[in-house]
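Listed below, chain by chain, are the residues.
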Amino acid sequence: MVLPAAFLTTPIAHRGLHGLGIPENSLAAAQAAIDAGYGIELDIQPARDGTPMVFHDYDLARLTGSQGLVTDFAPDSLAIRRLLGTDHPIPTLRQFLDLVAGRVPLLIEIKDQDMSLGPDIGRLHERVADVLQGYGGPVAVMSFNPHVVAAFHKLAPAIPVGLTTCGYAE
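Owing to the predicted nature of the structure, the values given are computational and were not obtained by experimental measurement. All residue numbers here refer to positions counted from 1 along the written sequence of the relevant chain. Whole-chain, interface and lining totals are the exception, using all residues; otherwise, since this is a predicted model, local features are given only for residues with pLDDT of at least 70 and side-chain atom pairs are given and counted only at 80 or more. Hydrogens are left out, water is left out, and the side-chain values use all remaining heavy atoms of the structure.

J.: Residue-level account of the pattern of salt bridges, with values.
T.: By salt bridge we mean one thing: a side-chain nitrogen of Lys or Arg within 4 Å of a carboxyl oxygen of Asp or Glu. Here the structure, examined in full by the defined rule, presents 8 salt bridges. The closest approach of N and O atoms between Asp-43 and Lys-111, which form a salt bridge, is 4.0 Å. Taken together, the positions of Asp-43 in strand S2 (residues 39–46) and Lys-111 in the loop between strand S4 (106–110) and helix H6 (124–132) put the pair 68 residues apart, joining distant regions of the chain. Its relative accessible area of 0% is what places Asp-43 among the buried residues. With a shortest N-O distance of 2.8 Å, Arg-62 and Asp-57 are connected by a salt bridge. Residues participating in the shared-partner salt-bridge network are Arg-15, Glu-24, Asp-43, Asp-57, Arg-62, Glu-109 and Lys-111. Helix and strand definitions follow DSSP, with helices as H or I runs of at least four residues and strands as E runs of at least two, each counted in order from the N terminus. Exposure is judged per residue with a 1.4 Å probe applied to protein chains only, and the accessible area is read against the type maximum: over 50% gives exposed, under 20% gives buried, and values in between give partly exposed.

Here you go:
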């Protein structure tokens, strides 16, 4: 597993190139990043059926104004919600991959599902690995949870992985 060179030579837009009416983690933010020649960092949360959705927060409130957790809703119910009062829907990982189509590097963060960095990681990493099968573009996967990183790497050893971290209080 070698990190593709594109990750070392291409700026990465955090949650896509968003702002000025373009919501984070949207297909429009992905297209804006592609147009600017930037790679894209994106976040993954599971829908109720486990479908990987491109969405940062665990709950819908900040980005959609709706109440509830992403995991409370089916993908079609999430798709009808709009991001930050725009006409942009919450995309699936598959939709995001289809749009990007290998043109820029993708750095995919699988969100920690038990929110404690523990071993109860659910199956989101499996669903992400399934969706990434056959994807031809430069891609790497990360998580704050080391158990997610290890489990994903076991399923998809050819895809580079990394641990996202920050300063933790002792």
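J.: I'd like a rundown of the packing of helix H2 (residues 27–36) against helix H5 (residues 93–100), residues and numbers included.
T.: A fitted line through C-alpha atoms serves as each axis, taken over the contacting stretch for helices, and the angle formed by two N-to-C directions is quoted from 0 to 180°. The geometry of H2 relative to H5 is characterised by a closest axis approach of 10 Å and an angle of 25 degrees between their N-to-C directions. Judged on the interaxial angle alone, H5 and H2 are roughly parallel. Crossing of H2 over H5 shows right-handed handedness. Residues Leu-27, Ala-30, Gln-31 and Ile-34 of H2 pack against Gln-95, Phe-96, Leu-99 and Val-100 of H5. These descriptions rest on fixed angle ranges, namely under 35 degrees for roughly parallel, over 145 for roughly antiparallel, 65 to 115 for roughly perpendicular, and the rest for oblique. Each crossing gets its hand from how the near helix is turned against the far one by less than a right angle, where anticlockwise is left-handed and clockwise is right-handed. By definition, residues are in contact when any of their heavy atoms lie within 4.5 Å.

J.: Let's hear about the pairing of strand S5 (residues 139–143): which residues, and what values?
T.: Among the 5 residues that make up S5, 5 are buried, leaving the element largely enclosed by the rest of the structure. Burial of the side chains of S5 extends over both faces: Val-139, Val-141 and Ser-143 are buried on one face and Ala-140 and Met-142 on the other. Where S4 meets S5, 4 bridges bridge the pair, whose relative direction is parallel. Across the sheet, the residue bridging to Glu-109 is Met-142, located in S5. Running through H6, the crossover from S4 to the neighbouring parallel element S5 is right-handed. Inspection of the sheet shows S5 paired to strand S6 (residues 161–163) by 3 bridges, in the parallel sense. Residue pairing in the sheet places Val-141 in a bridge with Val-161 of S6. By the criterion used throughout, a crossover qualifies as right-handed when its path from the first strand across the helix to the second strand runs clockwise, the strands pointing away from the viewer. Taken together, S5, helix H7 (residues 146–155) and S6 constitute a β-α-β crossover, and its handedness is right-handed. Each pair of strands is called paired provided DSSP finds at least two bridges between the two strands.

J.: Give me the lowdown on the packing of H6 against H7, citing residues and values where you can.
T.: H7 packs onto H6 with a crossing angle of 35 degrees between their chain directions and a minimal axis gap of 9 Å. Between H6 and H7 the crossing geometry is right-handed. Only Val-148, Ala-151, Phe-152 and Leu-155 of H7 make contact with H6, whose side of the interface consists of His-125, Glu-126, Val-128, Ala-129 and Leu-132. Per-class residue counts for the contact of H6 with H7 are 7 nonpolar, 1 polar and 1 charged. Residues are sorted three ways: Asp, Glu, Lys and Arg are charged, Ala, Val, Leu, Ile, Met, Phe, Trp, Tyr, Cys and Pro are nonpolar, and all the rest, Gly among them, are polar.

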